[in-house]
Amino acid sequence: MVPRVDEDATSANSALRHRSPGVGDDDAKGAFTPALVDEDGDELAGPIDQAEEEERKKMIASFDHDSSYVPTTGWKSYTPFRQIIFLYKLFFSRQFFVHRVVGLFFLLQYAAAFYLYFLDYPGFRASPLVWSLPATGLFQSITAVYTFTFLPKKAKDGGYFGDKSILSYPFIIENSFYAMILFFQWTYYDDTLFKYISGSVVIEQAIVFFPYVLRTQWPKTSFRDSYDNKRNRSAARDLFFSVAITVTKMFYIWAKHYIGYFLNYARFMNRMNDEEIQYIYYILVFSSFATTISIFLQTLKFKKYIGARTSFVTYFLSYFGTFYGFVRIDPIFYRNLDLTLLTLGGVLLNFRGWELQWGYQLAVCLLLNASRGAGLDMGEFLGKPFLYVGQSVPAA
């Protein structure tokens, strides 16, 4: 939904876009070169891709009758009544009804999980939230795939990084993959569900060792394309989002290998004790924010309910939640030096061809399965006991 603007602002923007060369603002050569601006009159950091712009206009038009819109400028937007109406329409409008209600269900569960984790951890572990929260996040990502089919399908990037961007349809589909592997990890660390997953063989082996083989069935957006596509951000925000993309890419590499592979390897080898699992759930709680609620933040940004930088900074804070969880159990990297080094090998091969990456994961799969099958930790299995020196950690 396009935010309403007053008549004077509209006229000013129109004049900025359509004024003719040579009328005022002459440069030293006597000719005027108009700046690249968008419909709000903001200068853009790069040239406009016409095909992408047409897709963007179609997407905006699809929201024209979205009744959840409430103006966010002027004194009227701050009245409690209007805010209540906004929230009601945001979640219960007929347009995209299923997606809205599932999103609300996720947010309510997330609030309950957050509360229980910090104030009643035993109650949190015993609650169905350890599987229902990530399951709802996965279902929400699937409803998004079937809801937002009108989003740009040939965008240069995912559209997440910018104050002038909209999410692309490939990005929406791609997010369902991350919701799926997050759902697996939540359930993998639940003691009851772990017994079923480890007995499934195929599911466990596929997700622990070969999730990025499955990843090929989903579209892929690129950080590089996000960085290069300056159409999605204004000149004033170019530096901010350029840095944001770089930092997010670094976090993604860390999360892929150490939140993903490393923690799954450790659970596969049954290395984690109760104190460590408590902080792993801390990591998972914030990972759910980064995977699912971060998309909701884009909705609020698009409706101009929050700013683009506020949206990203809120998302960025979830990074630190996951890092803090690792800080509290950082000795696991030394005590599980074998798994730490195996994961590091995957990091070093991350930017190589898929053949090397998949071949490496196959070798890791065979090694860990042989070690687990022999009933030995990997240090004993390889005759290098220093590689694994125990799993106990002091209580928090």
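Note that the structure is predicted; figures quoted are calculated from it, not measured. The residue count restarts for each chain, going from 1 along the sequence in the order it is written. Selection of residues for local features in this predicted model requires a pLDDT of at least 70, selection of side-chain atom pairs for listing and counting requires 80 or more, and totals for whole chains, interfaces and linings are taken over all residues. Processing note: side-chain calculations cover all non-hydrogen atoms of the structure and skip hydrogens and water entirely.

Here we come to the overall build of the protein. Across its full length, the protein carries 18 helices and zero strands. The cut-offs for exposure are 20% and 50% of the maximum accessible area for each residue type, with area from a 1.4 Å probe on protein chains only; residues under the lower value are buried, those over the upper are exposed, and the others partly exposed. For the protein, the proportion of its 396 residues judged to be buried stands at 48%. We call two residues in contact whenever any of their non-hydrogen atoms come within 4.5 Å of each other. Pairs at least 24 residues apart make up 74% of the contacts formed inside the protein by residues separated by at least 6 positions. For the protein, the accessible area works out to roughly 19900 Å², and carbon and sulfur atoms hold 64% of it. In this text, helices come from DSSP runs of H or I with a minimum length of four residues, and strands from runs of E with a minimum of two, each type numbered from the N-terminal end. Accessibility throughout is a Shrake-Rupley quantity obtained with a 1.4 Å probe, and a residue counts as covered only by protein chains that appear here.

Let us now look at the environment of Val247. Structurally, Val247 is set in helix H12 (residues 238-268). Given a relative accessible area of 29%, Val247 falls into the partly exposed group. Distance in space between the C-alpha atoms of Val247 and Phe316 is 9.2 Å, their sequence separation being 69 residues. Dropping the residues within four chain positions of it, Val247 is found in contact with Phe316 and Tyr319.

With respect to the element layout, Arg271 can be found in the loop between H12 and helix H13 (274-302). A residue is classified by how much of its surface remains accessible, and Arg271, at 1% relative accessible area, is buried. Of the polar contacts made by the side chain of Arg271, one reaches the side chain of Asp338; its length is 2.7 Å. Each polar contact in these results corresponds to two N or O atoms within 3.5 Å; when the atoms are within protein, one needs to be able to donate a hydrogen and the other to accept it, and residues that are neighboring in sequence are counted only if both atoms are side-chain atoms.

With that out of the way, let us pick up the packing of aromatic side chains. Centre distance within 6.5 Å is the pairing criterion for rings of Phe, Tyr and Trp, where only the six-membered ring of Trp is used; planes under 30 degrees apart are then read as stacked, over 60 as edge-to-face, and the remainder as tilted. Applying the stated criterion across every chain yields a total of 52 aromatic pairs. Geometrically, the ring pair formed by Phe91 and Phe296 is stacked, given 6.0 Å between the ring centres and 20 degrees between the ring planes. Here Phe296 lies in helix H13 and Phe91 lies in helix H3 (residues 80-92), a separation of 205 residues in the sequence. When the ring of Tyr178 is compared with that of Tyr252, the centres are 6.2 Å apart and the planes differ by 85 degrees; the resulting orientation is edge-to-face. Residue Tyr178 is located in helix H7 (residues 169-188), and its partner Tyr252 is located in helix H12; the two are separated by 74 residues in the primary sequence. Consider the ring centre and the ring normal. A charge sits over the ring if Lys NZ or Arg CZ is within 6 Å of that centre and within 35 degrees of that normal. Sitting over the ring of Phe268, Arg372 keeps its end group 3.7 Å from the ring centre.

The next thing to look at is H7. How far a helix is expected to stretch is found by multiplying one less than its residue total by 1.5 Å. With 20 residues, H7 extends 30 Å between its outermost C-alpha atoms, agreeing within 8% with the 28 Å of an ideal straight helix rising 1.5 Å per residue. For H7, a buried count of 17 out of 20 residues is recorded, marking the element as mostly surrounded by other parts of the structure.

Turning our eyes to something else, we now look at the nonpolar core. Counting 77 residues, the largest nonpolar core has Phe124, Trp186, Met272, Tyr281 and Leu368 as the members making the most contacts within it. Among the elements that take part in this core, H13 stands out by supplying 14 residues, more than any other. What Phe124 contacts, discounting residues up to four positions off in sequence, is Ala113, Leu116, Tyr117, Val130, Trp186, Tyr281 and Val285. Residues Phe86, Leu90, Phe91 and Leu104 belong to the second largest nonpolar core, which totals five residues. Here, the term nonpolar core denotes a set of buried Ala, Val, Leu, Ile, Met, Phe, Trp, Tyr and Cys residues that are joined through side-chain atoms within 4.5 Å.

Let us look at unusual backbone geometry. In this structure, Phe96 is a non-glycine residue whose phi angle is positive, near 60 degrees. Tracing the chain through its elements places Phe96 in the loop between H3 and helix H4 (97-119). Judged by its relative accessible area of 17%, Phe96 is buried. For Asn270, which is not a glycine, the phi torsion comes out positive at approximately 55 degrees. With respect to the helices and strands, the residue Asn270 is situated in the loop between H12 and H13.

Salt bridge criterion: a side-chain nitrogen from Lys or Arg within 4 Å of a carboxyl oxygen from Asp or Glu. Considering all chains together, one arrives at five salt bridges under this definition. Across the pair Asp191 and Arg125 runs a salt bridge, and its minimum N-O distance is 3.7 Å. With Asp191 in helix H8 (residues 191-200) and Arg125 in helix H5 (residues 121-126), this pair connects stretches of sequence that are 66 residues apart. A salt bridge links Arg271 to Asp338; the shortest N-O distance between them is 2.7 Å. Here Arg271 is found in the loop between H12 and H13, whereas its partner Asp338 is found in helix H16 (residues 337-348), with 67 residues between them in sequence.

Further remarks concern the packing of H12 against helix H17 (residues 354-373). Angles run from 0 to 180 degrees between N-to-C directions of axes, and those axes are lines fitted to C-alpha atoms, restricted for helices to the stretch in contact. Between H12 and H17, the least distance of the axes is 11 Å, while the angle of their chain directions is 25 degrees. The pairing of H12 with H17 is recorded here as roughly parallel in orientation. The interaxial crossing formed by H12 with H17 has right-handed handedness. On H17, the residues that touch Lys256, Tyr261, Tyr265 and Phe268 of H12 are Gln357, Gln361, Val364, Leu368, Asn369 and Arg372. Just so you know the grouping, Ala, Val, Leu, Ile, Met, Phe, Trp, Tyr, Cys and Pro go in nonpolar, Asp, Glu, Lys and Arg go in charged, and all remaining residues, Gly too, go in polar. Broken down by class, the residue content of the contact of H12 with H17 amounts to five nonpolar, three polar and two charged. Roughly parallel refers to an angle under 35 degrees, roughly antiparallel to one over 145, roughly perpendicular to one between 65 and 115, and oblique to any angle outside these ranges. Take the far helix as the reference: if the near one is turned anticlockwise from it by less than a right angle, the crossing is left-handed, and if turned clockwise, right-handed.

Attention now goes to H12. An ideal rise of 1.5 Å per residue puts 45 Å on 31 residues; H12 measures up with 43 Å between its terminal C-alpha atoms. In H12, a bend of some 30 degrees at Ala255 exceeds every other bend along the element. Extensive coverage of H12 is indicated by the burial of 22 of its 31 residues. One fitted axis covers the seven residues ending at a residue, a second covers the seven starting there, and the bend at that residue is the angle between these axes.

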